[in-house]
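# Understanding the architecture of this molecule
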Amino acid sequence: MILITGGCGYIGSHINKQLHSAGFDTVVLDNLSTGHADAARWGRFVRGDLCDADMVAAVLKEWPIEAVLHFAAFSLVEESVRDPQKYYRNNIGGTLNLLEAMLAAGVYKMVFSSSGAVYGLPSETPIPETHATAPLNPYGYTKNIIERVLRDYQQAYGMNSVALRYFNAAGADNDGELCERHDPETHLIPSLLKGLKAGRAVTIYGEDYPTPDGTCVRDYIHVKDLAHAHVLALQKLLAGPCADAYNLSTGHGCSVRDVVGTVEEVTGQRLEVVAAERRAGDPPVLVGDPAKAKRELGWQTRYSLLEMIGDQWSAMGGLKG
Ligand code: UFG
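Residues numbered from 1 in each chain as written. Predicted model: local features only at pLDDT ≥ 70, side-chain atom pairs only at ≥ 80, totals over all residues. Heavy atoms only, no water.

## Things to note about empty space enclosed by the protein
Under the criterion given, the structure shown has 1 cavity of 30 Å³ or more. The calculated volume of the largest cavity comes to roughly 40 Å³. Lining the largest cavity are His70, Phe71, Ala72, Ala73, Asn91, Thr95, Phe112, Thr142 and Lys143. Of all the secondary structure elements, the ones that give two or more residues to the lining of the largest cavity are helix H4 (84–105) and helix H5 (138–157). Of the residues assigned to the lining of the largest cavity, the class counts are 4 nonpolar, 4 polar and 1 charged. (1 Å grid on protein atoms, 1.4 Å probe; cavity = no way out; pocket = protein on both sides within 12 Å on 5 of 7 lines; lining within 4 Å. Points joined across faces, edges and corners; volume = space filled by probe spheres on them. Helix = DSSP H or I, 4+ residues; strand = E, 2+ residues; numbered from the N terminus. Nonpolar A, V, L, I, M, F, W, Y, C, P; charged D, E, K, R; others polar.)

Structure (structure tokens):
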């Protein structure tokens, strides 16, 4: 049985679904601070917060857990700059509780949701995993610190882990069961689509970055491609000892303007765009090299930006829904 923390969130719920299709049984642990109870459709669901160490220990004792997929975390770059305490307490404190409970229960396998935000300002693009890590914001630091914790825990206690450094997750499952729905929504693609549906202008944060069109460049990756990588990471963990990190990225960057253009192409609608100041904590360019995941996990992305936007648009019901 696999424990999925944060399994009611956007990425965790997609992965829970995919694990069930691959034949795994799961327990979802989520405090519903940002997730949705109706997303825990597969496996069992326990409502609880990782900051509650006793509850986490009880969950690990109650179920025959073989491995943990750890998604539960706050993940907004700008919010982490405004309120770092919230991030350090939850993302680091909660994870330490989880690891302690795992060690006590004899569970030695974790797939950790890390982030491309660990790199900070890259000196080469696309960024390989060997690139130095120097996060630009507290969110990125929390991920960087836990990666370090995991390496130390493997040396000292034999805790095996695969850290998956996500770049910009987007898209939705295309049978309408799940999609990206944050409240408030701050992510680019759902924000553009919501603006379109509501007939209001959308905002571009910064047009004076050192990029070809002045807007930030990101590496957007379909959540279904992310989900597939988790199944492969889990198989690697089940096969033998490791404490490794992989980029989950496409290797191709798209600017905010490129995304606006693709939204217009997918929906056949024109977006009204207004320019605003840069958002705190945003690096100008973040594009990851996926070669290591391809080589060592046998993972390859299958979906384009057009498909990510198309699937999210359908999941939101298009203009009418
Ligand atoms: N942006 C806009 N307008 C909006 C929303 C976003 O211009 O309405 C811009 C942002 O400033 C940024 C880009 O679009 O330049 C992407 O922003 P997102 O909020 O969609 O995503 P982030 O790049 O800030 O962060 C995401 C995840 C992080 C992860 C990071 C890694 O939320 O958890 O990708 O690349 F660390």
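So, next bit.
## So, the pairing of strand E4 (residues 67–70)
Of the two faces of E4, the one carrying Ala67 and Leu69 and the one carrying Val68 and His70 are both buried. Summarising the sheet, strand E1 (residues 2–5) and E4 pair through 4 bridges and their orientation is parallel. In the strand pairing of E4, Thr5 is matched with His70. As paired strands, E4 and strand E5 (residues 109–115) are joined by 3 bridges and run parallel to one another. (Buried < 20%, exposed > 50% of the residue type's maximum accessible area, 1.4 Å probe, protein only. Pairing = 2+ DSSP bridges.)

## Focus on helix H1 (residues 10–21)
Between the first and last C-alpha of H1 there are 17 Å, a value that for 12 residues agrees with the 16 Å anticipated at 1.5 Å per step. Burial analysis of H1 places 9 of its 12 residues in the buried class, the great majority of the element. The complete set of buried residues in H1 reads Tyr10, Ile11, Gly12, Ser13, His14, Ile15, Asn16, Lys17 and Leu19. Structurally, H1 contributes buried residues whose contacts are with E1, strand E2 (26–30), E4, strand E6 (160–166), strand E7 (168–170) and helix H7 (223–239). (Expected span 1.5 Å × (residues − 1). Contact = heavy atoms within 4.5 Å.)

## What about the site of the ligand?
Taken together, 21 residues surround the ligand, and among them Ser115, Asn168, Thr203, Arg279 and Asp282 come closest. Here an oxygen atom of the ligand and a side-chain polar atom of His187 are 2.8 Å apart. In the model, an oxygen atom of the ligand is placed 2.6 Å from a nitrogen or oxygen of the Asp282 side chain. Of all the secondary-structure elements, those providing two or more residues to the shell around the ligand are helix H6 (188–198) and strand E8 (202–205). Ranked by the residues each element gives to the shell around the ligand, the list is headed by E8, at 3 residues. Looking at the shell around the ligand residue by residue, the class counts come to 11 nonpolar, 7 polar and 3 charged. (Near = heavy atom within 4 Å. Polar contact = N/O pair within 3.5 Å; in protein donor to acceptor, adjacent residues only side chain to side chain.)

## Quick look at helix H2 (residues 53–62)
For H2, the full list of buried residues reads Met55, Val56, Val59 and Leu60. One side of H2 carries all its buried residues, which in axial view fall inside an arc of 135°. Set apart from the buried face of H2 by more than 90 degrees, the exposed residues are Asp54, Lys61 and Glu62. (Arc of directions from axis to C-beta.)

## Thoughts on the sheet that holds strand E14 (residues 285–286)
Taking strand neighbours across the sheet as the criterion, the 3 strands line up as E12-E9-E14 in an open arrangement whose pairing is mixed. Taken across any chain shown, the strands that pair with only one partner, and hence form the sheet edges, are strand E12 (254–255) and E14. Across 2 bridges, strand E9 (residues 217–218) lies against E14 in parallel orientation. The partner of Val217 across the bridge, within E14, is Val285.

## Structural notes on a nonpolar patch on the surface
Nonpolar side chains collect at one region of the surface, where Tyr88, Tyr141 and Ile145 lie side by side and expose about 250 Å² of accessible area between them. Turning to its location among the elements, Ile145 is positioned in helix H5. (Patch = residues over 30% accessible without salt bridge, like charges linked within 9 Å, V, L, I, M, F, W, Y side chains within 5 Å. Areas by Shrake-Rupley, 256 points an atom, 1.4 Å probe, with all protein chains shown as cover. Salt bridge = Lys/Arg side-chain N within 4 Å of Asp/Glu carboxyl O.)

## Remarks on the sheet that holds E6
Pairing is parallel in the open sheet, where 7 strands are placed in the order E3-E2-E1-E4-E5-E6-E11. The open sheet is flanked by strand E3 (44–47) and strand E11 (243–248), the only strands paired with a single partner. Strand-to-strand twist of the sheet, defined as the mean angle between neighbouring strand axes without regard to direction, takes the value 20°. With 4 bridges joining them, E2 and E3 adopt parallel strand pairing. (Axes fitted to C-alpha atoms, helices over the stretch in contact; angles between N-to-C directions.)

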